Amino acid sequence: MKSFCRIAIVIAVFFGLTLPLSAQARSKPSSDTTKSATDTIRVGLEATEIFSTIRVQSFSGNWRLTFMPGNQSPKTVGSILASATTPVATVSELLVEGEDASLMLVPKGIIARLSTEKDLEQGYKTVVIEGGELLSIEIPGHPPTILQGRIEIGNNGNSLTLVNTVNMHQFIVSCVSKMLLSNEPEVIKAMVIVVRTRLQYLKEHAAHPDTDYEVCDTDHCLPFAGCGYNRELVDILTTMTGNLSLMHKGKLIMPRFHHTCGGRISSAKDVYGSDNEPYHPAHDDIFEGKGSENCFHSPGFHWTIELQKFDILDFLSVAYAAGADRIYASWEPEKIDANGRIFQVLLRGRKPKSVSGIDFLQKLQSHFGPNSIKSMKFNMDVLKRTIVFRGMGNGDGVGMCLSGADGLAKKSVKYDEILRFYYPGSELK
Ligand SMILES: [Zn+2]
Ligand SMILES: [Zn+2]
């Protein structure tokens, strides 16, 4: 290819021809960077929700809705279109800018009502929506989400399902824009590389086998909320960091990150019991020669909350005994790492049970809210009716401390040094 281009240029020069600049740029063979920008990822949206209606509206551009019958999975879209023996015909409708459609799941499949007053009553298995620029999609009880790319609305018999195929660049911009804790360009660059690496790792390691998507839109994989929150600065810095990823001994790492460590980073081995993440060791969040803890300025560095003992018992019964009373009467920290983070909790009661600290934290937060107990690094003052929790940090404390990265950038540390500090032993490639 290269030599062909060279010959073409030589011929062009020989004949006194010059290509306009834009045409030259367009005809440039695709480099790794452009390849990564066009690589796509299938994202499962709201995969744990059960919903039977969905409203879609064209925000910009003309979207084509293809209603496909049968019991075929969305993966076989191509073959359905090619099949001549399909019992119910595939129907295609255009959703022009401003128009909307309501899709409903009924026993015979998905039916639709379009704002053009057209009804599609046959009962379809899948609806593929593509071709436009921005699509607003709304599930009852959720704010609308603006999506790009290709959207597949499926039907698993129990609920509608949503899979958005977007390119990697769009996903990274959405994810980093949503999580952004800092406006420091060096932090944004570091986050872009972390998200890109994690996305590539999840793609490579099949994070959701047996589903028709590659990643989910939650912290389990990476948060994704369409392009409604996208920040232009993030977009520019995503392009600027090209195709850089974090590698350890020639392999992609699975980078972890959290809001605030509280001064001490914990190891993936302690918190998750993981033996194969040497790039996630325990260390102080202090950069030599750069003052005190990097995340000291974070509002999550110190926190206090007082909870009723009664509510904590209720939490134990809901979270660990399927709502049954008096199975667990109390709990206590069982194992604490060198940084003061509780990584194993003992539930006391009829059948004492040890649970991981991270599981306990996730359940506490879903019960009391994300602003209650912010991390497993805390002390307790047990009073008569309440317990006062005095804690440090927000999140699991493993990998990159995002507030710490912000602190480092404010101390003029560059993104590559930030990444080497939080993922020791890894390299940028
Ligand atoms: Zn996931
Ligand atoms: Zn920190």
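Structure: above.
Summarised in this report is the structure supplied together with it. Everything numeric here is computed off the predicted structure, so don't read it as measured data.

Another aspect to go through is the packing of aromatic side chains. For the structure shown, the criterion picks out 13 aromatic pairs. Both rings, one in Trp-303 and one in Phe-378, keep their centres 6.3 Å apart while their planes meet at 65 degrees; by these two values the pair is edge-to-face. Within this pair, whereas Trp-303 is found in strand S19 (residues 302–308), its partner Phe-378 is found in strand S23 (residues 378–382), the two being separated by 75 residues in sequence. Here Trp-303 and Phe-378 have matching classes, each one buried. For the pair Trp-331 and Phe-360, a centre-to-centre distance of 4.8 Å together with 45 degrees between the ring planes defines the contact as tilted. Here Trp-331, found in strand S20 (residues 328–336), pairs with Phe-360, found in helix H10 (residues 357–368); they are 29 residues apart in sequence, far enough to count as distant. Judged on exposure class, the residue Trp-331 and its partner Phe-360 are both buried. In textbook terms, an aromatic cluster arises when at least three aromatic residues are bridged by ring pairs, as seen for Trp-303, Phe-315, Tyr-320, Trp-331, Phe-360, Phe-368, Phe-378 and Phe-389. The ring of Tyr-272 carries Arg-256 above its face, with NZ or CZ at 3.9 Å from the centroid.

Taken together, His-208 (NE2), Cys-216 (SG), His-220 (ND1) and Cys-221 (SG) make up the full set of protein donors to the zinc ion (ligand 1), lying 2.0 to 2.3 Å away. Around the zinc ion (ligand 1) sit four donor atoms, and with donor-metal-donor angles ranging over 100 to 119 degrees the site reads as tetrahedral. Taken in chain order, the donor set of the zinc ion (ligand 1) reads H-x7-C-x3-H-C. Of this pair, His-208 sits in the loop between helix H6 (185–204) and strand S13 (215–216) while His-220 sits in the loop between S13 and helix H7 (232–240); the two residues are twelve residues apart in sequence, bridging distant segments of the chain.

This part is about the packing of helix H11 (residues 402–410) against helix H12 (residues 415–422). It is at 10 Å that the axes of H11 and H12 come closest, and there the two elements cross at 140 degrees. Taken together, the axes of H11 and H12 lie oblique to each other. H12 is crossed by H11, and the crossing has right-handed handedness. Along its contact with H11, which presents Gly-404, Ala-405, Leu-408 and Ala-409, the element H12 presents Ile-418, Phe-421 and Tyr-422. In the contact of H11 with H12, the residues fall into six nonpolar, one polar and no charged.

Taken together, three strands build an open sheet; the order of strands is S20-S21-S22 and the sheet is antiparallel. For this open sheet the edge positions go to S20 and strand S22 (353–356), each flanked by a neighbour on one side alone. Adjacent strand axes in the sheet meet at a mean angle of 25 degrees when their direction is disregarded. As paired elements, strand S21 (residues 342–349) and S22 share four bridges and run antiparallel to each other. Looking at the pairing, Gln-344 lines up with Ser-356 of S22. Strands S20, S21 and S22 of the sheet are contacted by helix H9 (residues 309–320), whose axis makes an angle of about 80 degrees with S20.

Around the zinc ion (ligand 2), the protein contributes the donor atoms Cys-261 (SG), Asp-285 (OD), Cys-295 (SG) and Cys-401 (SG), at 2.1 to 2.3 Å from the metal centre. In primary-sequence terms, the residues that donate to the zinc ion (ligand 2) follow C-x23-D-x9-C-x105-C. Separated by ten residues along the polypeptide, Asp-285 in the loop between strand S18 (283–284) and S19 and Cys-295 in the loop between S18 and S19 bring together distant segments of the chain. Judged by its relative accessible area of 0%, Asp-285 is buried. When its relative accessible area of 0% is taken as the criterion, Cys-295 is described as buried.

A few words now on the layout of surface pockets. Computed from the structure, the largest pocket encloses a volume of approximately 1,400 Å³. Lining of the largest pocket is provided by 40 residues; of these, Arg-198, Asp-219, Phe-257, Tyr-272 and Asp-396 occupy positions nearest its centre. Those elements that provide at least two residues to the lining of the largest pocket are helix H5 (168–179), H6, strand S15 (251–252), strand S16 (257–258) and H10. The element best represented in the lining of the largest pocket is H10, accounting for five residues.

This paragraph deals with unusual backbone geometry. One non-glycine residue, Lys-249, lies in the positive phi region at around 50 degrees. As for its placement among the helices and strands, Lys-249 is situated in the loop between strand S14 (246–248) and S15. Located in the positive-phi region is Arg-326, a residue other than glycine, with phi close to 60 degrees. Locating Arg-326 in the fold gives a position in the loop between H9 and S20. You can call Arg-326 exposed: its relative accessible area is 69%.

Attention shifts here to the pairing of S23. In this sheet, strand S24 (residues 386–392) lies alongside S23 in antiparallel orientation, the contact comprising five bridges. Bridge pairing in S24 places Val-382 opposite Ile-387. In this structure, the hairpin formed by S23 and S24 is closed by a connection of three residues.

The terminal C-alpha atoms of H10, which comprises twelve residues, lie 16 Å apart, in line with the 16 Å expected from a rise of 1.5 Å per residue. Its buried side turned inward, H10 meets helix H8 (268–272), H9, S20, S21 and S22.

All right, on to the pairing of S21 then. Two strands pair when backbone bridges link them, and S20 and S21 are joined in this way by seven bridges, in the antiparallel orientation. Of the residues in S21, the one forming a bridge with Ile-336 is Ile-342. The antiparallel pairing of S20 with S21 creates a hairpin that spans five residues between the two strands, and Gly-340 there sits at a positive phi of about 85 degrees. Hairpin geometry of S21 and S22 is characterised by an intervening segment of three residues between the two adjacent antiparallel strands.

What counts as what
Per chain, residues are indexed from 1 in the order of the written sequence. Chains carry letters from A onward and ligands carry numbers from 1 onward, assigned in written order. For a predicted model such as this one, the threshold for reporting local features is a pLDDT of at least 70, and the threshold for listing and counting side-chain atom pairs is 80 or more; totals across whole chains, interfaces and linings nevertheless cover every residue. Each side-chain value is worked out from all heavy atoms of the structure, with water and hydrogens disregarded. Paired rings are identified among Phe, Tyr and Trp, the last through its six-membered ring, by centres lying within 6.5 Å, and are further divided according to the angle between planes into stacked (under 30 degrees), edge-to-face (over 60) and tilted (the rest). Where helices and strands are cited, they refer to DSSP runs of H or I of at least four residues and of E of at least two residues respectively, numbered from the N terminus. Note on classification: 1.4 Å probe, protein chains only; a residue is buried when its accessible area is under 20% of the maximum for its type, exposed when over 50%, partly exposed between these limits. Note on geometry: a ring has a charge over it if NZ (lysine) or CZ (arginine) is within 6 Å of the ring centre and within 35 degrees of the ring normal. In this description, a donor is an N, O or S atom within 2.8 Å of the metal centre, a cutoff extended to 3.2 Å for sodium, potassium and calcium. Water is not part of the atom list, which can make sites seem incomplete. Any site counts as irregular unless it has four donors with all angles between 85 and 135 degrees, making it tetrahedral, or four or six donors with opposite ones more than 155 degrees apart and the rest between 65 and 115, making it square planar or octahedral. Fitted lines through C-alpha atoms give the axes, limited to the stretch in contact for helices. The angle between two N-to-C directions lies from 0 to 180 degrees. Any angle from 65 to 115 degrees is called roughly perpendicular, while one under 35 is roughly parallel, one over 145 is roughly antiparallel, and all others are oblique. Each crossing is labelled by how the near helix is turned from the far one, with a counterclockwise turn of less than a right angle marking it left-handed and a clockwise turn marking it right-handed. Between two residues, a contact is recorded if the distance between any of their heavy atoms is within 4.5 Å. Polar here means any residue outside two lists: the nonpolar Ala, Val, Leu, Ile, Met, Phe, Trp, Tyr, Cys and Pro, and the charged Asp, Glu, Lys and Arg; Gly therefore counts as polar. A pair of strands is treated as paired once DSSP finds two or more bridges between them. Of the grid points, spaced at 1 Å and generated over the protein atoms alone, those admitting a 1.4 Å probe that cannot get out make up cavities, while open sets with protein on both sides within 12 Å along at least five of seven lines make up pockets; any residue with an atom within 4 Å of a point is treated as lining. Grid points are joined across faces, edges and corners, and a volume is the space filled by probe spheres set on the points. The span one expects for a helix is its residue count, reduced by one, times 1.5 Å.

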